[in-house]
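Coordinate inspection notes
For reference, the chains in residue letters:
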Amino acid sequence: MTEQTVAGDLASSEPLKFAYWVPNVSGGLVVSKVEQRTDWGYEYNKRLARTAENNGFEYALSQVRYMASYGAAYQHESTSFSLALLLATERLKVIAAVHPGLWQPGVLAKFLATADHLSGGRAAVNVVSGWFKDEFTKMGEQWLEHGERYRRSEEFIAYLREMWTNEHAELNGDFYRLHDFDLKPKPLSTPDRPHPEIFQGGNSGDAQAMAGRVSDWYLANGNTPERIAEQVATVKAGAAENGRRLRVGVNGFMVARDSEAEARDVLREIIDRADTEAVEGFGAAVKQAGQSTGDGRGMWQDSTFADLVQYNDGFRTGLVGSPEQVAEQAIAQKKAGADLLLLGFLHFQEEVEYFGARVLPLIREMEDDLAGRPRGSGLVAS
């Protein structure tokens, strides 16, 4: 893609969207013993959600963990927590992460349809095929091999969409079936989205192909703009082959401070004070899962120890430095094809406010510059 093509695309594209990881799991977003003024409880998260929707965030993603592991000793369940945040906010769209195999898709479809009505059309779901074997086997559930997990996830998504959009839902798959089922009420349908948006992640060929066939959003682990551009080209080509539009989000851990030196010091302390045992345990678990992929391109396959201190390779996205440097890197991700940045922070409440005041205005100015518009005249994301 040439610079001219990129500039043309940016001139007509939507503003970069922003989401944040909901800290509904203890330990924050880094596997480190560094001080974190972030709390996993509801009162903190309710305040944070309201702060986020007033500081440029359109989405929030509630994590899913079912048992203590790798620095996350306590966890709130994702769907109930997401509904609570939806009811505590006015505009924020909340994405609940779920595992096929631990949810029956019809029950989830019903739950999300109700949540969508209660929130005025702001419910969404992230379908997680799963990497943590113990969460399945210790609850007595079957652990499928990598390719089979993604085949099940694809049927799971097809089931959700079929129930949400058809009055006489039918599906005959290897994992799930529907026979003349009519879900009422259906979720809310608007010109922007006919049903709750469906997100998914994964780096493997299985994950990327599935995204092109069935998902609304593909979430990539953190990486450089060059590597993200490669993934964007693959998944969006797959979607185009299926006559679909797919949008891409990129994970990133943001450390924005008044100076680059201050930001680099914070990042250095996070890594220097990493919980070595937890990071190494997490690395062993996820690399074993990734090695089971048919193409050897599973998530975390080339992640270093430092990368694994942030669960989804967020340091690799490079959102570390002064507000100007962070804004420039965000725009570089947009040029690579990112439609959304999914952000984590060390001290969520303070740093979300700092992002809204110091970083986001610079990003919007840069978008105007790239589109050839006078500054301040561009679209403003909700």
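In this report, we go over the structure that sits alongside the text. Everything numeric here is computed off the predicted structure, so don't read it as measured data. (Residues numbered from 1 in each chain as written. Predicted model: local features only at pLDDT ≥ 70, side-chain atom pairs only at ≥ 80, totals over all residues. Heavy atoms only, no water.)

**Quick notes on the overall build of the protein chain**
Regarding its fold elements, the protein chain presents 13 helices and twelve strands. Rg of the C-alpha trace for the protein chain: 20 Å, near the compact-globule value of 21 Å for 382 residues, within the 12% margin. In terms of overall dimensions, the protein chain has a C-alpha envelope of 60 × 50 × 40 Å along the principal axes. Relative to its 382 residues, the protein chain shows a buried fraction of 58%. (Helix = DSSP H or I, 4+ residues; strand = E, 2+ residues; numbered from the N terminus. Rg over C-alpha atoms; globule rule 2.2 N^0.38 Å. Buried < 20%, exposed > 50% of the residue type's maximum accessible area, 1.4 Å probe, protein only.)

**As for the pairing of strand 7 (residues 197–201)**
Taking burial as the measure, the five residues of strand 7 include four buried ones, the bulk of the element. Summarising the sheet, strand 4 (residues 123–127) and strand 7 pair through four bridges and their orientation is parallel. Paired with A124 across the bridge in strand 7 is E197. Two strands pair when backbone bridges link them, and strand 7 and strand 8 (residues 217–220) are joined in this way by three bridges, in the parallel orientation. When the sheet's bridge partners are listed, Q200 is paired in strand 8 with Y218. In this fold, the crossover linking strand 7 to strand 8 by way of helix 7 (residues 205–214) has right-handed handedness. (Pairing = 2+ DSSP bridges. Right-handed = clockwise from strand over helix to strand, strands pointing away.)

**Some points on unusual backbone geometry**
Between K184 and the following residue, P185, the backbone shows a cis peptide bond with an omega angle of 0°. In this fold, P185 is placed in the loop between strand 6 (177–181) and strand 7. Despite not being glycine, D180 has its phi angle at roughly 50°, a positive value. Classification of D180 as partly exposed rests on a relative accessible area of 48%.

**Brief notes about the nonpolar core**
Within the largest apolar cluster, 111 residues are counted, with the highest numbers of intra-cluster contacts made by Y20 and F57. It is helix 13 (residues 348–371) that provides the largest number of residues to this core, a total of nine residues. Setting aside its immediate chain neighbours within four residues, Y20 contacts L48, A49, A52, F57, Y59, A60, L61, L92, L342, L343 and F348. (Core = buried A, V, L, I, M, F, W, Y, C linked by side-chain atoms within 4.5 Å. Contact = heavy atoms within 4.5 Å.)

**Re the sheet that holds strand 1 (residues 17–22)**
Judged by pairing direction, the barrel is parallel, and its eight strands sit side by side in the order 1-2-3-4-7-8-9-12 before closing back on the first. Shown here is a sheet whose adjacent strand axes are inclined to one another by a mean of 25°, direction ignored. Here strand 1 pairs with strand 12 (residues 340–344) via four bridges, running parallel. Paired with F18 across the two strands is L341, which belongs to strand 12. Sitting on the sheet, helix 4 (residues 105–118) is in contact with strand 3 (93–98) and strand 4, with an inclination near 150° to strand 4. (Axes fitted to C-alpha atoms, helices over the stretch in contact; angles between N-to-C directions.)

**As for the packing of aromatic side chains**
Using the criterion set out here, one finds 17 aromatic pairs in the structure. Pairing F18 with F355 gives two aromatic rings, centres 5.0 Å apart and planes at 65°, and the pair type is edge-to-face. Linking F18 in strand 1 with F355 in helix 13, this pair joins segments that are 337 residues apart in sequence. For F18, a relative accessible area of 0% corresponds to the buried category. Residue class for F355 comes out buried when judged on its relative accessible area of 1%. (Phe/Tyr/Trp six-rings, centres within 6.5 Å; stacked < 30°, edge-to-face > 60°.)

**Digging into the side chain of E53**
Looking at where E53 falls in the secondary structure, it is placed in helix 2 (residues 42–53). With no salt bridge to any partner, buried E53 finds its closest opposite charge in R91, at an N-O distance of 4.5 Å. Residues contacting E53, with those up to four places away along its chain left out, are T89, E90, R91 and L92. (Lys, Arg positive; Asp, Glu negative; His and termini not counted. Salt bridge = Lys/Arg side-chain N within 4 Å of Asp/Glu carboxyl O.)

**Focus on the pattern of salt bridges**
A pair can form between side chains of opposite charge whenever their charged atoms are brought close. Applying the stated rule across the entire model yields 31 salt bridges. Here R151 makes a salt bridge to E148, at a shortest N to O gap of 2.9 Å. Placement of both R151 and E148 in helix 6 (residues 146–165) is noted, with a separation of three residues, approximately one turn of the helix. For K236, the salt bridge goes to D339, with nearest N and O atoms at 3.2 Å.

**Some remarks on helix 7**
If you check which residues of helix 7 are buried, you get A207, Q208, M210, A211, G212 and V214. Its buried side turned inward, helix 7 meets helix 6, strand 7, strand 8 and helix 8 (225–241).

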